[in-house]
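Take a look at the letters that make up each chain.
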Amino acid sequence: MTNTTSETSPDAPQGAISDFGIDTTSQSTGEAVRDYAARLRGGELGSLPALLGVVVLLIVFSSLADTFLTLGNIANLLAQGASVVIIAMGLVFVLLLGEIDLSAGTASGVTASVMALHLINGGNLLGGMGDTVFYLFCGLLALAAVLAAVMRVWAGTALSAVALIIALVGVPANPWVEMLLAVCVGTAIGCITGFLVARVGIPSFVVTLALFLAWGGVILQFIGEGGTLGLRDDVIFNVANGNLSTAGSWALFVLAGGGYAAVVLGRHFSRLRRGLVASPTPIVLVKVGVVLVLGAVATYALTLNRSKSDLVVITGVPFVVPIVLVLLVIGTFVLERTRYGRHVYAVGGNQEAARRAGINVAQIRMSVFVIASSMAAIGAIVYSSKVGSVDPNAGGGNTLLMAVGAAVIGGTSLFGGKGKLRDAVIGGAVLAIIQNGMGLLDQPAAVVFIVTGLVLLLAASVDALSRRRAASAAR
């Protein structure tokens, strides 16, 4: 037997890279632009149609309505669309798996009504609900905690238990406790929904349609037909109606804009140092520059006085803006930079392949419903703050349709596996602009519904056609 000795040469790392097929080819700006155009032709449209829709709608409504681009209307537009955007961000997680949650709207109404009952009754939910309803409510919270523990969704177990403790102990009314209770109840609802879908195996359409009706009845039971629960608390009121100070507004811009620039540029130059594929530096710098300029202009505009009265001064970025930004950053990080996020995309892309790769598919499926219902609760807090009360129609009507529409219009696929959290924000902006602009033009509700429906149909058509084109290009 002859022993052979291989020598180590300076070219070994490059040879290894070549063997494993790692692409370290840098692109010029022109090549990057041509590559992007080719991907568009191949059906990878992403959020581009929605972004173009925002631009077109801004131009149309600003030309037709003199008050559309006024500072007061812009601030009102942000507050109006925030609740739908937040619910839509939660639904993105569900849609990424190719599932649907038709109960998100009425689930948000349940969380809002529990929050209002706890506030009005000084923390005494037993007195507000009555013995039978209260103990059934506590039983459902306990059941949700157990189901989450069985599926090892520990966040669901913890938050459901917190809601149960607040209810049983009778924690005194406090705005922060009320908002925590609402989120925890939303989490418990998501645990029940997710278990029925992931472990029992009932199709999500059937489960959530049934719960859509059931939660609507629960809201009626809590509030009563024709009743209204007022939210007379300054902290809750300011969630959707308050504004940051001028200094706070600029601090938000520095934090958000600086953080965005640091993350994007840091990631870009890190890839360049490692010899990995990266977008051309000029394109990255332009992207960061555009975001910073738009953010600075918006911040400056919102720090101007937008009050119509000489006796009142209204300035600053609305509180809903940092709320949405925080949720967007956290959610984007979870989806794009964590193992859990990669598992969500994997299950949405091919459930069987994900199972064979060792991913706990049932746990992932349950967890997305927990996230969606928890986000729906946050959306309920924002909406209830905006209107100042909770009524039997809370979360009903078009709340769910608008939230799903926002995610789909923004670019999230109904077929699963494709979408980002920013899609909900962009799609929500489209719907908010349509509703706001139509209102300023004094258009009847019938016209608003028709236009909104056609926009959603167009977005779904673009999604289906782009997937078909992408499949043809792959062949």
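Residues numbered from 1 in each chain as written. Predicted model: local features only at pLDDT ≥ 70, side-chain atom pairs only at ≥ 80, totals over all residues. Heavy atoms only, no water.

Undergrad: Which residues make up the overall build of the protein chain, and what values do they have?
TA: Scanning the protein chain for helices and strands turns up 20 helices and two strands. At 25 Å, the protein chain has a C-alpha radius of gyration in line with the 23 Å of a compact globule built from 475 residues. In terms of principal-axis extent, the alpha carbons of the protein chain reach across some 90 × 65 × 40 Å. Considering the protein chain as a whole, with its 475 residues, one finds that 43% of them fall into the buried category. Taking all contacts inside the protein chain whose residues are at least 6 apart in sequence as the whole, residues at least 24 apart take part in 77%. Here the protein chain has roughly 23,600 Å² of accessible surface; of this, 65% comes from carbon and sulfur atoms. In the protein chain, which carries 27 positive and 22 negative side-chain charges, the distance between the mean positions of the two groups comes to 7 Å. (Helix = DSSP H or I, 4+ residues; strand = E, 2+ residues; numbered from the N terminus. Rg over C-alpha atoms; globule rule 2.2 N^0.38 Å. Buried < 20%, exposed > 50% of the residue type's maximum accessible area, 1.4 Å probe, protein only. Contact = heavy atoms within 4.5 Å. Areas by Shrake-Rupley, 256 points an atom, 1.4 Å probe, with all protein chains shown as cover. Lys, Arg positive; Asp, Glu negative; His and termini not counted. Charge placed at Lys NZ, Arg CZ, Asp CG, Glu CD.)

Undergrad: Pulling in residues and values, what's your account of unusual backbone geometry?
TA: What is expected of a backbone is that most residues other than glycine have negative phi and most peptide bonds are trans. With phi around 60 degrees, arginine 152 is a residue other than glycine that occupies positive phi space. Inspection of the secondary structure assignment puts arginine 152 in the loop between helix 7 (131-150) and helix 8 (154-169). One non-glycine residue, aspartate 442, lies in the positive phi region at around 60 degrees. Within the fold, aspartate 442 resides in the loop between helix 19 (421-440) and helix 20 (445-474).

Undergrad: Give me the lowdown on the state of the cysteines, citing residues and values where you can.
TA: Following the criterion strictly, the structure yields zero disulfides and no others. For cysteine 138, which is in no disulfide, the shortest distance to another cysteine sulfur is to cysteine 184 and amounts to 13 Å. Since its relative accessible area comes to 6%, cysteine 138 is described here as buried. Just so you know, cysteine 191 is unpaired, no disulfide at all, and the nearest cysteine sulfur is the one on cysteine 184, 10 Å from it. The class for cysteine 191 is buried, based on a relative accessible area of 0%. (Disulfide = S-S within 2.5 Å.)

Undergrad: Give a detailed account of the environment of valine 370, specifying residues and quantitative values.
TA: With respect to the element layout, valine 370 can be found in helix 17 (residues 361-387). A C-alpha to C-alpha distance of 7.9 Å links valine 370 and threonine 193, two positions 177 residues apart in sequence. Ignoring any residue separated from it by four or fewer positions in sequence, one finds valine 370 in contact with Val153, Thr187, Gly190 and Cys191.

Undergrad: Describe the nonpolar core, listing the residues and the values that go with them.
TA: Core analysis: the biggest nonpolar cluster contains 115 residues, and Met89, Val114, Leu125, Met129, Phe137, Phe222 and Met366 have the highest contact counts within it. Beyond its immediate chain neighbours, meaning those up to four positions away, methionine 366 contacts Leu147, Ala148, Met151, Val153, Gly190, Cys191, Gly194, Phe195 and Ala198. In terms of nonpolar packing, the next biggest core, distinct from the first, is built from five residues, Ala75, Leu244, Leu252 and Leu302 among them. (Core = buried A, V, L, I, M, F, W, Y, C linked by side-chain atoms within 4.5 Å.)

Undergrad: Give me a nonpolar patch on the surface: which residues, what numbers.
TA: A cluster of nonpolar side chains, contributed by Val200, Ile202, Phe205, Val206, Leu209, Phe212 and Leu213, occupies part of the molecular surface with about 600 Å² of accessible area. The element contributing the most residues to the nonpolar patch is helix 10 (residues 204-223), with five residues. With respect to the helices, strands and loops of the structure, valine 200 is situated in helix 9 (residues 175-200). Judged by its relative accessible area of 48%, valine 200 falls in the partly exposed class. (Patch = residues over 30% accessible without salt bridge, like charges linked within 9 Å, V, L, I, M, F, W, Y side chains within 5 Å. Salt bridge = Lys/Arg side-chain N within 4 Å of Asp/Glu carboxyl O.)

Undergrad: Kindly report on helix 15 (residues 339-349), identifying the contributing residues and their values.
TA: Every buried residue belonging to helix 15 is among Gly341, Val344, Val347 and Gly348, and all of these are buried. Projected down its long axis, helix 15 carries its buried residues within an arc of 125 degrees, all on one side. Residues of helix 15 that are exposed and point more than 90 degrees away from the buried face comprise Arg339 and Gly349. (Arc of directions from axis to C-beta.)

Undergrad: I'd like a rundown of the confidence of the model for the protein chain, residues and numbers included.
TA: Averaged over all residues, the pLDDT of the protein chain equals 87, while 91% of them reach at least 70. Note that pLDDT drops below 50 for residues 1-24; the model gives that stretch five contacts with residues more than four away or on any other chain. (pLDDT = per-residue confidence, 0-100.)

Undergrad: Go over helix 9 with me, naming the residues and quoting the values.
TA: If you check helix 9, its first and last C-alpha atoms are 37 Å apart, about what 26 residues at 1.5 Å a residue would give, namely 38 Å. Its axis deflected by about 25 degrees at glycine 194, helix 9 carries its strongest bend there. In this structure asparagine 174 caps helix 9, since a side-chain oxygen of it lies 2.9 Å from the backbone nitrogen of tryptophan 176. In the segment just after helix 9, glycine 201 is the residue with positive phi, at about 90 degrees. (Expected span 1.5 Å × (residues − 1). Bend = angle between axes of the 7 residues up to and from the residue. Polar contact = N/O pair within 3.5 Å; in protein donor to acceptor, adjacent residues only side chain to side chain.)

Undergrad: Run through the layout of surface pockets, naming residues and quoting values.
TA: Its volume calculated, the second largest pocket comes out at about 780 Å³. Lining the second largest pocket are 37 residues, with Gln80, Ser83, Val84, Tyr383 and Gln435 positioned closest to its centre. (1 Å grid on protein atoms, 1.4 Å probe; cavity = no way out; pocket = protein on both sides within 12 Å on 5 of 7 lines; lining within 4 Å. Points joined across faces, edges and corners; volume = space filled by probe spheres on them.)

Undergrad: How would you explain the side chain of threonine 187 if you had to name every residue and give the values?
TA: By the secondary structure assignment, threonine 187 is in helix 9. Within the structure, threonine 187 has its side chain in polar contact with the side chain of serine 374 (distance 2.7 Å). Once residues lying within four places of it in the same chain are set aside, the contact partners of threonine 187 are Ala155, Gly156, Leu159, Ser160, Val370 and Ser374.

Undergrad: Outline the packing of aromatic side chains, listing residues and values.
TA: A complete count under the given rule lists four aromatic pairs for this structure. Ring plane angle 40 degrees and centroid distance 5.7 Å describe the contact between phenylalanine 61 and phenylalanine 68, whose orientation is recorded as tilted. On the accessibility criterion, phenylalanine 61 (4% relative accessible area) is buried. When the centroid spacing of 6.2 Å and the interplanar angle of 85 degrees are considered together, the rings of phenylalanine 137 and phenylalanine 222 count as edge-to-face. Of this pair, phenylalanine 137 sits in helix 7 while phenylalanine 222 sits in helix 10, placing them 85 residues apart in sequence. The burial state of phenylalanine 137 is the same as that of phenylalanine 222; both residues are buried. (Phe/Tyr/Trp six-rings, centres within 6.5 Å; stacked < 30°, edge-to-face > 60°.)

Undergrad: With reference to specific residues and values, describe the side chain of threonine 412.
TA: Summarising the element assignment, threonine 412 is placed in the loop between helix 18 (399-410) and helix 19. Reaching out from threonine 412, the side chain makes a polar contact with the side chain of aspartate 423 at a distance of 3.2 Å. What threonine 412 contacts, discounting residues up to four positions off in sequence, is Val92, Leu95, Ala407, Lys418, Gly419, Lys420 and Asp423.

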